[in-house]
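# Summary of the model geometry
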Amino acid sequence: MTSKQILDAFSETLMRDERILSPRERELLMSLVHNARNESSNNPEIQSAVTAAIARSVGETVAQRAFALLGSSIVEQIVTRGAASSATEGSIPATFAGPQPPSGPQPPSAAPKDRPAGPQPPSGPQPPGGPQPPSISLRQQGAGTRQTAALKEPDFKSRAAVLDSPEIARAECVVLDEFLAPQEIQELIRYTLEHESQFTSSEVISPIGEPGVADYNHRRSRVLMEPGPWEDMILDRIRLVIPRVLQQLGMEEFSVARTEVQITASNDGDFFRAHCDDAQERIASRRMTFVYFFHREPTQFAGGELRLHDSRRSGDHPNSTGSYQTIVPQQNQIVFFPCSTLHEITPVQCRSRAFADGRFTVNGWLHQ
């Protein structure tokens, strides 16, 4: 095996080491590359430049973490040998399998396990040709804040799909940032605003299982039942990440029999009280709920938070234990959670009450 082959094999090993690059980071990396290709599909030169910039940035991050975990001497020797061999064997391509040594003396970054699991601000991919490569933004499973009536504290623990007791169902979720490319977000916003007249009042399923019931004491918002091309767009992206989402939620993979996708608009005073998405017989086949947040910027609304409740079943109905996670709507962010999770949307405040200034989501369900 040549020095270059050793370096490549070593790099691939690092990429699979969760101490170096977590599964969430790898998912986000795939999304960044996918979005970059979509943005520059008509210009191979720009596409190559963006991919190289991402690879260079990620390579430096991987190398720094390898220094911290393995010590500088072994990493330096392998990188040096690989660089020396590349002079005779050809240069090493800028791919995600090849970490690059940090430029200049830098203190080693903390290992991923030392990072807080609280919400991080999204750091979206920059348009092709930007001066800086996109950075990676991490969101841990169960990101948000677990709260009780009298206590608010960050939840820094990775949330495995485990019950504290047989009676309590813990709320679990997976949060992914930077789900769509910047241009796609703007097109989605434009499509939504152009179809304002087609939004209708949101309805709920009646206690006897009949659809088409408007209950303004339980839910208030407007919904577009035909998202047009965005239904396939969102579902295609979900198919790329759903295996990892199921794994992190501790759920078995299942065949998707059908899907539901809609765009929901929430404005001043709108809300959705605590409920489960599979509570009625006609929707009992729902397994996974997804909620993708988007809105015009700068943000013109507040509230509209997604609360995922720990619950205890009483008869046929789950009741909140008083402990919950809060997901504050963030641009270009998607949340996944089991349909059996008790959840609610807190009231939205939008001073202008203009449709365009409201809170928007592409939300839906995967049926088994």
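Residues numbered from 1 in each chain as written. Predicted model: local features only at pLDDT ≥ 70, side-chain atom pairs only at ≥ 80, totals over all residues. Heavy atoms only, no water.

## Overview of the overall build of the protein
For the record, the criterion: Numbering goes from the N terminus for both helices and strands, where a helix is a DSSP run of H or I of at least four residues and a strand is a run of E of at least two. Relative accessibility thresholds used throughout: buried, under 20% of the residue-type maximum; exposed, over 50%; partly exposed, between the two (1.4 Å probe, protein chains only). Contacts are assigned to residue pairs with any non-hydrogen atoms lying within 4.5 Å of each other.
Summing up its helical and strand segments, the protein has 6 helices and 17 strands in all. When burial is assessed residue by residue, the protein has 45% of its 368 residues classed as buried. Restricting to contacts in the protein with at least 6 residues of sequence separation, those with at least 24 account for 81%.

## A closer look at the packing of aromatic side chains
The criterion, for reference: Pairing of aromatic rings covers Phe, Tyr and Trp, the last through its six-membered ring, and needs centres within 6.5 Å; plane angles under 30 degrees mean stacked, over 60 mean edge-to-face, and all others mean tilted.
Tallying each qualifying case throughout the model produces 5 aromatic pairs. Here the aromatic rings of F199 and F355 are separated by 5.2 Å at their centres, their planes lie at 70°, and the arrangement is edge-to-face. Placement of the pair is F199 in the loop between α5 (182-194) and β5 (200-201) and F355 in the loop between β16 (348-349) and β17 (359-367), with a sequence separation of 156 residues. The pair F199 / F355 is uniform in exposure class, with both members buried.

## A few points about unusual backbone geometry
Cis geometry is found at the peptide bond from E297 to P298, where omega equals 0°. Despite not being glycine, N332 has its phi angle at roughly 65°, a positive value. At R353, a residue that is not glycine, the phi angle is positive and equals roughly 60°.

## A closer look at the nonpolar core
Taken as a class, soluble globular proteins show a tendency for nonpolar side chains to be buried jointly. For clarity, the threshold we go by: Residues belong to a common nonpolar core when they are buried Ala, Val, Leu, Ile, Met, Phe, Trp, Tyr or Cys residues joined through side-chain atoms within 4.5 Å.
Of all hydrophobic cores here, the largest spans 34 residues; its most connected members are I238, M288, F290, Y292 and F336. Only β4 (174-176), α5, α6 (229-249), β8 (258-266), β10 (286-294), β14 (333-338) and β17 provide two or more residues apiece to this core. When residues in this core are grouped by element, the largest group, 9 residues, is from α6. F336 has contacts with E172, C173, V174, L176, I238, V241, I242, V245, L249, M288, T289 and F290, leaving out every residue within four places of it along the chain. Among the nonpolar cores identified, the runner-up in size contains 13 residues, and C173, F272, L306 and I327 belong to it.

## Some details on the environment of T346
Quick note on the threshold: N or O atoms within 3.5 Å of each other form a polar contact, as long as, within protein, one can give a hydrogen and the other can take it, and as long as residues adjacent in sequence are counted only when both atoms are side-chain atoms.
One can find T346 in the loop between β15 (342-345) and β16. The exposure class assigned to T346 is buried, which follows from its relative accessible area of 9%. Spatially, the C-alpha atoms of T346 and L306 are 6.8 Å apart, while their sequence positions differ by 40 residues. Among residues more than four places away in sequence, those in contact with T346 are D270, F271, G303, G304, E305 and R307. At 2.9 Å, the side chain of T346 and the backbone nitrogen of E305 are in polar contact.

## With respect to the environment of D177
Position of D177 among the secondary structure elements: in the loop between β4 and α5. Given a relative accessible area of 6%, D177 falls into the buried group.

## Re the pattern of salt bridges
Basically, it comes down to this: Salt bridges, as used here, are contacts in which a Lys or Arg side-chain nitrogen is within 4 Å of a carboxyl oxygen on Asp or Glu.
Per the stated rule, a full pass over the model turns up 8 salt bridges. Two residues, R220 and D270, come together in a salt bridge whose shortest N-O distance is 2.9 Å. Placement of the pair is R220 in strand β6 (residues 219-220) and D270 in the loop between β8 and β9 (271-275), with a sequence separation of 50 residues. Classification of R220 by relative accessible area gives partly exposed; the value is 34%.

## Focus: α5
Threshold: Under the convention used throughout, the expected extent of a helix is 1.5 Å for every residue step, that is, one less than its residue count. By definition, the arc is the one covered by directions from the helix axis to the C-beta atoms.
Relative to the 18 Å expected for 13 residues at 1.5 Å per residue, α5 spans 19 Å between its end C-alpha atoms, a close match to the ideal helical length. Listed as buried for α5 are E184, I185, L188, I189, Y191 and T192. Viewed along the axis of α5, the buried residues span an arc of 160°, placing them on a single side of the element. Close packing links the buried residues of α5 with α2 (23-39), β7 (222-224), α6, β8, β10 and β17.

## Points about the packing of α2 against α6
This is how the line gets drawn: The axes are straight lines fitted to the C-alpha atoms, using for helices just the contacting stretch, and the angles between their N-to-C directions are given from 0 to 180°. With respect to orientation, any angle under 35 degrees is reported as roughly parallel, any angle over 145 as roughly antiparallel, any angle of 65 to 115 as roughly perpendicular, and every other angle as oblique. In this classification, the charged set is Asp, Glu, Lys and Arg, the nonpolar set is Ala, Val, Leu, Ile, Met, Phe, Trp, Tyr, Cys and Pro, and all remaining amino acids, among them Gly, are polar.
Here α2 crosses α6 at 180°, and the two axes come no closer than 11 Å. The pairing of α2 with α6 is recorded here as roughly antiparallel in orientation. Where α2 approaches α6, its residues P23, R24, R26, E27, H34, N35 and N38 are matched on the opposing element by R237, R244 and Q248. Across the contact of α2 with α6, the residue classes break down as 1 nonpolar, 4 polar and 5 charged.

## Here we look at the sheet that holds β4
Rules: Strands were regarded as paired on the criterion that DSSP finds at least two bridges between them.
Strands sit in the order β4-β14-β10-β17-β8-β7-β5 across an open sheet of 7 strands; the sheet is antiparallel. Looking at strand neighbours, the two that pair on one side only are β4 and β5, the edges of this open sheet. In this sheet, β8 lies alongside β7 in antiparallel orientation, the contact comprising 3 bridges. Residue pairing across strands places L224 opposite I263, the latter belonging to β8. Together, β4, β8, β10, β14 and β17 form the strand contacts of α6, whose direction differs from that of β14 by roughly 55°.

## Some words on the pairing of β14
Here β14 lies mainly inside the structure; 6 of its 6 residues are buried. With 3 bridges connecting them, β4 and β14 associate as antiparallel partners. Across the sheet, V175 pairs through a bridge with V335, a residue of β14.

## Overview of the pairing of strand β13 (residues 317-327)
When strand β12 (residues 306-314) meets β13, the two strands line up antiparallel, connected through 8 bridges. Following the sheet pairing, R307 is matched in β13 by T326. Between the end of β12 and the start of β13, which pair antiparallel, lie 2 residues, with G315 showing a positive phi angle near 70°.

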